[in-house]
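The residues making up each chain are set out below.
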Amino acid sequence: MAKHIFVTGGVVSSLGKGLTSASIGLLLERRGLKVRMQKFDPYINVDPGTMSPYQHGEVYVLDDGAETDLDLGHYERFTNAPLDRDCNYTTGKIYLSIIEKERRGEYRGKTVQVIPHVTDEIKACIRKLAVPDVDVVITEIGGTVGDIEAMPFFEAIRQFALDVGKANCLFIHLTLVPYLKAAGELKTKPTQHSVRELREIGIQPDVLICRTEREIPSDDIDKIALMCNLERRAVIEEIDREFSIYEVPLSLKGHKLDELIVERLNLKDAQALQMRDWVVMVERIKSHILEPNPARTVTIAVVGKYVKHRDAYKSVYESLDHAGIAHNVKIHLERIESEQIEEEGTDQLLASADGILVPGGFDKRGINGKVDAIRFAREGKIPFFGICLGLQCATIEFARNVLGLTDANSTEFDPTTPHPVVALLDAQRKVTHIGGTMRKGAYDCALTEGSHAAIAYHSLLVSERHRHRYEVNNDYREQLVKAGFAITGTSPDGGLVEVIEIPDHPWFLGVQCHPEFKSKPTAAHPLFRDFVGAAFTRKQTK
Ligand code: GLN
């Protein structure tokens, strides 16, 4: 029977519960256990798909097309746990399901209430992941204890422990131990209050993970343990990582968290911890920070719309770092607002770029700046990687500046353009998935032998995740190709453009998919790896 770990948070939000949950998943996997990961988000949107990246950061897409919280990206980068739409629930999604059941008459005349109906629904979502071959299900509760919206989730996990037996559940609570400059000391009181709040609703945490910017003195650990009714070794310090988020599992391992979990949950199949490759990877990151080497630093300009928000292109930035690790180089990121390019031009803003990346996005703001950046990359033979909207902008750029179709555009940005080189394709082709709805989730793509894409993947058939409405317009394919624009990847039936390249260029590649959702720190995505490789080569030969 699967065991359960519940990760909750207190004191403040943004403590890194997602990273901590992912790190716990990694440690258990590397003890030979099978884990599944899940997140509950207390907000009322049914999923983050409709939320602005400014509000919520990136929308993380899964193979089955589910649009999920970006913490699921951490889960996938840290673990091999399979993720699907059952791995992320919001209050909205839970209620939607309940209300649909109510409308179908499934509650047989009963009054539908938070307890038991909402809590039962939540518990059923947890149980869904506890399939026979799984050893541990890790469930993270978003928000903090005491939030009104989060209450049903806390109540549900309290009940869950009663249902499956306390011995099969572990409650891990993450808090903050702040340093007060004026007092010159760390404060444990917020942690005590947070645990008290948890106990008031019937949950005694089994493990406390205390986020802190300074080492917590031994006396303070004693105090927290005593006041919060915990064994001393179950109070674990998680100090702000100095170099990289990928250090978190190593720090938790240093405090023997994996041993504690294995012992408390009586995980008999656990083997010795195997972290060698992870340690090597972290050492590589550290070495570039401790001994900066300009000769091994590659500057990548990311030209986008949401660059001010750190999390809006989270997976893109992570994937670039993974590629840097693979080449043993440091990525120096220059995040450039595409509107700034419209105002100031490309020459100065992109002067130091060894590679230029245009990520995904929606809406026409800043499009011309992206097109200008792509022209700069194409003409200057600077390695270029376009992702989703980035591919669409590369197509627009080529049509405008090489084919001379000066008004070429996507119908997303100019519905009346005389040259809709990017458009909704339902009208002209028998493609079933389009027509205003998004193409979401995993789709196969057939690659052309010898292309940069095929070389990178080392395969002619790949699968990647999508999240977009518009496609390259097939009516313009012939013209584009004749002028030197290569279509090196299509849907297996040839009907949809998936990858474009410019052969007369060191590395110029655009993809309609989102490869950033499939990169890991110990296994960089092939396209990111080769893009950074090309940028590094350019730097060395400049
Ligand atoms: N806005 C474009 C579309 O809908 C691109 C989307 C994206 O980059 N994810 O097709």
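Our structure is the block above this text.
Residue indices begin from 1 for each chain and proceed along its sequence in written order. The model is predicted, so local features are restricted to residues of pLDDT at least 70 and side-chain atom pairs to those at 80 or more, both for listing and for counting; the totals for chains, interfaces and linings are taken over all residues. Values reported for side chains reflect all heavy atoms of the structure, with hydrogen atoms and water molecules removed beforehand.

**Looking at helix 11 (residues 276–290)**
Line of reasoning, step 1. In this model helix 11 runs 21 Å from its N-terminal to its C-terminal C-alpha over 15 residues, within 8% of the 21 Å that 1.5 Å per residue would give.
Line of reasoning, step 2. Note on exposure labels: buried denotes an accessible area under 20% of the residue type's maximum, exposed denotes more than 50%, and partly exposed covers the range between, all computed with a 1.4 Å probe on protein chains only. Numbering goes from the N terminus for both helices and strands, where a helix is a DSSP run of H or I of at least four residues and a strand is a run of E of at least two. Within helix 11, the full set of buried residues consists of W278, M281, V282, I285 and H288. Projection of helix 11 onto a plane perpendicular to its axis shows the buried side chains occupying an angular sector of 120°, all on one side. Facing away from the buried side of helix 11 by more than 90 degrees, the exposed set consists of R276, V280 and L290.
Line of reasoning, step 3. Packing partners of the buried residues in helix 11 comprise helix 1 (17–29), helix 3 (71–78), helix 9 (248–254), helix 12 (314–327) and strand 13 (330–337). Each residue after the first adds 1.5 Å to the expected span of a helix. The directions considered for the arc are those from the helix axis to the C-beta atoms. The contact definition used throughout considers only heavy atoms, calling two residues in contact when any of these lie within 4.5 Å.

**Side note on the packing of aromatic side chains**
Line of reasoning, step 1. Centres within 6.5 Å make a pair out of two Phe, Tyr or Trp rings, where for Trp the six-membered ring is used; the pair is then stacked when the planes are under 30 degrees apart, edge-to-face when over 60, and tilted otherwise. In total, this model carries 16 aromatic pairs according to the counting rule given.
Line of reasoning, step 2. Where F385 meets W507, the ring centres are 5.7 Å apart and the plane angle is 80°; that geometry is what we call edge-to-face. Placement of the pair is F385 in strand 15 (residues 384–387) and W507 in the loop between strand 22 (497–501) and strand 23 (508–511), with a sequence separation of 122 residues. Here the two residues F385 and W507 agree in accessibility, since each one is buried.
Line of reasoning, step 3. By the ring-pair criterion, three or more aromatic residues cluster together here, those being F385, W507, F528 and F531.
Line of reasoning, step 4. Geometrically, a charge over a ring is one whose NZ (Lys) or CZ (Arg) sits within 6 Å of the ring centre while staying within 35 degrees of the ring normal. Taking the ring centre of Y89 as reference, the NZ or CZ of K93 above it sits at 4.7 Å.
Line of reasoning, step 5. It is R439 that lies over the ring of Y443; its NZ or CZ is 4.8 Å from the centre.

**Remarks on the sheet that holds strand 1 (residues 3–9)**
Line of reasoning, step 1. One bridge is not enough; two strands pair if DSSP finds at least two bridges between them. Read across the open sheet, the seven strands follow the order 5-2-6-1-7-10-11; overall the sheet is parallel. Either end of the sheet is taken by a strand with one partner, and the two such strands are strand 5 (88–90) and strand 11 (235–239). Averaged over all neighbouring strand pairs, the angle between strand axes comes to 20°, with direction disregarded.
Line of reasoning, step 2. Here, axes are lines fitted to C-alpha atoms. For helices the fit covers the stretch in contact, and angles between N-to-C directions go from 0 to 180 degrees. Helix 5 (residues 114–129) contacts strand 1, strand 2 (35–41), strand 5 and strand 6 (136–141) of the sheet and is inclined by roughly 160° relative to strand 2.

**Structural notes on the packing of helix 1 against helix 3**
Line of reasoning, step 1. Axis separation between helix 1 and helix 3 bottoms out at 9 Å; the angle between their running directions is 20°. In terms of orientation, helix 1 lies roughly parallel with respect to helix 3. The handedness of the crossing between helix 1 and helix 3 is right-handed. Here G18, L19, S21, A22, S23, L26 and E29 of helix 1 lie close against helix 3, whose contacting residues are D71, H74, Y75 and F78.
Line of reasoning, step 2. Polar here means any residue other than Ala, Val, Leu, Ile, Met, Phe, Trp, Tyr, Cys and Pro, which are nonpolar, and Asp, Glu, Lys and Arg, which are charged; Gly is therefore polar. For the contact of helix 1 with helix 3, the per-class residue count stands at five nonpolar, four polar and two charged. An angle counts as roughly parallel when it lies under 35 degrees, as roughly antiparallel when it exceeds 145, as roughly perpendicular when it falls between 65 and 115, and as oblique in every other case. By convention the crossing between two helices is left-handed if the near helix lies anticlockwise of the far one by an angle smaller than a right angle, and right-handed if it lies clockwise.

**Quick look at helix 1**
Line of reasoning, step 1. The end-to-end C-alpha distance of helix 1, which contains 13 residues, comes to 18 Å, matching closely the 18 Å that a straight helix rising 1.5 Å per residue would cover.
Line of reasoning, step 2. Extensive coverage of helix 1 is indicated by the burial of 13 of its 13 residues.

**Brief notes about the site of the ligand**
Line of reasoning, step 1. Throughout, near means a residue has at least one heavy atom within 4 Å of the molecule or strand. Taken together, the neighbourhood of the ligand is formed by G360, G361, F362, C388, L389, Q392, E412, R467, H468, R469, Y470 and H514.
Line of reasoning, step 2. Contacts to the ligand include E412, whose side-chain N or O atom sits 2.7 Å from a nitrogen atom.
Line of reasoning, step 3. Here a polar contact means two N or O atoms within 3.5 Å. Within protein one must be a hydrogen donor candidate and the other an acceptor candidate, and residues neighboring in sequence count only if both atoms are side-chain atoms. Between the ligand and the protein, one listed contact pairs a nitrogen atom with a side-chain N or O atom of H514 at 3.1 Å.
Line of reasoning, step 4. Burial of the ligand by the protein chains amounts to 99% of its free accessible area of 300 Å².
Line of reasoning, step 5. Residue assignment for the shell around the ligand shows that the elements contributing at least two residues are helix 15 (389–401) and strand 19 (461–468). Each accessible area is a Shrake-Rupley result for a 1.4 Å probe, and residues are judged covered by the shown protein chains and nothing else.

**Some details on the pairing of strand 22**
Line of reasoning, step 1. Strand 22 sits mainly inside the fold: five of its five residues count as buried.
Line of reasoning, step 2. Note that strand 21 (residues 486–490) and strand 22 share four bridges and pair antiparallel. Residue pairing across strands places I487 opposite I500, the latter belonging to strand 22.
Line of reasoning, step 3. Remark: six residues form the turn of the hairpin made by strand 21 and strand 22, two consecutive strands paired antiparallel; G494 in that turn has positive phi of roughly 80°.
Line of reasoning, step 4. The sheet contact formed by strand 22 and strand 23 spans three bridges and is antiparallel. Counterpart to E501 in the pairing with strand 23 is L509.
Line of reasoning, step 5. Linking strand 22 to strand 23, which pair antiparallel, is a turn of six residues.

Keep in mind these numbers describe shape, not what the thing actually does.
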